[in-house]
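Read off the chains here:
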Amino acid sequence: SHPGVDVVPLIDVPTVCVLPKRHRLARRKTIGPADLKDEPLITIARKYPARIRLDKVFEASGVVPNIRIETGTSAAACGCSAAGLGVALINAFMASEYESPDLVLRRFEPTVPNSFGILKAHRPPTKALAAFVAALRKVALDQVGRHRLG
């Protein structure tokens, strides 16, 4: 929060599990905390709000997550999962870039939301900015929508 900056909401996406196609959970449509008990997990670092929300979901479910790797990037999380080091839990928008014939995305339930927005100067938006935001929102939604989540 800064007095000279506004956030323009762009999209909200769920958290997904990223795992190798041959993983025992890859056939599931959704995966929850109980399914991940004792699974090695790859997550984003604790400093991120999405990670705090994810930790609260595990706590509420009574499952202690077996976090083996914490990273600051979705690319690293997906790379570790592709190497068989664990199940990555990241947002669907970033995960959609890494889905491949050998790596699948599965919806994590209960839903852990991730919000994306655009920072802009604190002043009335221009028509150009509104058109840019609308175009960017469409591209982002198309990107996430192209990928099967379960």
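Throughout what follows, the structure given in this document is the object of discussion. As the structure is a computational prediction, the values presented were derived from the model and not from experiment.

Considerations on the layout of surface pockets
Moving on, step 1. Volume-wise, the largest pocket comes out at about 380 Å³.
Moving on, step 2. Surrounding the largest pocket, 19 residues form its lining, Ile44, Tyr48, Ala50, Asn91 and Asn114 being those nearest its centre.
Moving on, step 3. Counting only elements with at least two residues in the lining of the largest pocket, the list comes to β3 (40-44), α1 (49-61), β5 (87-91) and β7 (113-121).
Moving on, step 4. Sorting elements by how many residues they give to the lining of the largest pocket places α1 first, with five residues.
Moving on, step 5. Taken together, the residues of the lining of the largest pocket break down into nine nonpolar, eight polar and two charged.

Points about α1
Moving on, step 1. Counted at 1.5 Å a residue, the expected span for α1 with its 13 residues is 18 Å, and the 19 Å between its end C-alpha atoms agrees.
Moving on, step 2. Among the residues making up α1, those that are buried are Ala50, Arg51, Leu54, Val57 and Phe58. Viewed end-on, α1 has its buried residues packed into an arc of 115°, placing them on one side of the element. Structural note: α1 exposes Pro49, Lys56, Glu59 and Ala60 on the side pointing more than 90 degrees away from its buried face.
Moving on, step 3. As for α1, its buried residues are in contact with β3, β4 (66-71), β5, β6 (103-108) and β7.
Moving on, step 4. Gly62, located one to two residues past α1, shows a positive phi value of around 80°.

A look at the pairing of β6
Moving on, step 1. Across the six residues of β6, five count as buried, placing the element largely inside the fold.
Moving on, step 2. As defined by bridge partners, strand β1 (residues 5-20) adjoins β6 across five bridges and the pair is classed as antiparallel. Looking at the pairing, Val18 lines up with Leu105 of β6.
Moving on, step 3. Pairing of strand β2 (residues 30-31) with β6, which is carried by two bridges, proceeds in the parallel orientation. Along β6, the bridge assignment pairs Ile31 with Phe108.

Comments concerning helix α4 (residues 127-145)
Moving on, step 1. For α4, which comprises 19 residues, the first-to-last C-alpha distance of 27 Å matches the rise-based estimate of 27 Å (1.5 Å per residue) to within 8%.
Moving on, step 2. By the burial criterion, the buried members of α4 are Val133, Ala140, Gln143 and Val144. One side of α4 carries all its buried residues, which in axial view fall inside an arc of 90°. Across α4 from its buried face, at more than 90 degrees, point the exposed residues Lys127, Ala128, Lys138, Val139 and Gly145.
Moving on, step 3. In this structure, the buried side of α4 is in contact with β1, α3 (92-95) and β7.

A closer look at the pattern of salt bridges
Moving on, step 1. Overall, the coordinates contain seven salt bridges when judged by the stated rule.
Moving on, step 2. Of the charged contacts, one joins Lys120 and Asp6 as a salt bridge, the two residues approaching to 3.5 Å between their closest N and O atoms. Of this pair, Lys120 sits in strand β7 while Asp6 sits in strand β1, placing them 114 residues apart in sequence.
Moving on, step 3. Its relative accessible area of 13% is what places Lys120 among the buried residues.
Moving on, step 4. On the accessibility criterion, Asp6 (23% relative accessible area) is partly exposed.
Moving on, step 5. Of the charged contacts in the structure, one is a salt bridge between Glu70 and Arg51, with a shortest N-O distance of 3.1 Å. Of the two residues, Glu70 sits in strand β4 while Arg51 sits in helix α1, which places them 19 residues apart along the sequence.

Cut-offs applied
Residue positions within a chain follow its written sequence, with the count starting from 1. Reporting of local features is limited, given that this is a predicted model, to residues whose pLDDT is at least 70; pairs of side-chain atoms are given and counted only at 80 or more, and all residues count toward the totals for whole chains, interfaces and linings. Side-chain measures here rest on the full set of heavy atoms in the structure, leaving out hydrogens and waters. Space inside and on the surface of the protein is sampled on a 1 Å grid over the protein atoms alone, with a cavity defined as a set of points where a 1.4 Å probe fits but cannot get out and a pocket as an open set with protein on both sides within 12 Å along at least 5 of 7 lines; lining residues have an atom within 4 Å of a point. Grid points are joined across faces, edges and corners, and a volume is the space filled by probe spheres set on the points. Each helix is a run of H or I in the DSSP string that is no shorter than four residues. Each strand is a run of E no shorter than two, and both are numbered from the N terminus. Side-chain classes follow a simple rule in which Ala, Val, Leu, Ile, Met, Phe, Trp, Tyr, Cys and Pro form the nonpolar group, Asp, Glu, Lys and Arg form the charged group, and the remainder, Gly included, forms the polar group. Expected span of a helix: the number of residues minus one, times 1.5 Å. A simple rule labels every residue: compare its accessible area, found with a 1.4 Å probe on the protein chains alone, to the largest value its type can have, and call it buried under 20%, exposed over 50%, or partly exposed in between. Directions from the helix axis toward the C-beta atoms define the arc. Working rule for contacts: check all heavy atoms of both residues, and any pair within 4.5 Å makes them a contact. Whether two strands pair depends on DSSP finding at least two bridges between them. One speaks of a salt bridge when a side-chain nitrogen belonging to Lys or Arg is within 4 Å of a carboxyl oxygen belonging to Asp or Glu.

Shape is all these values report; function is a separate question.
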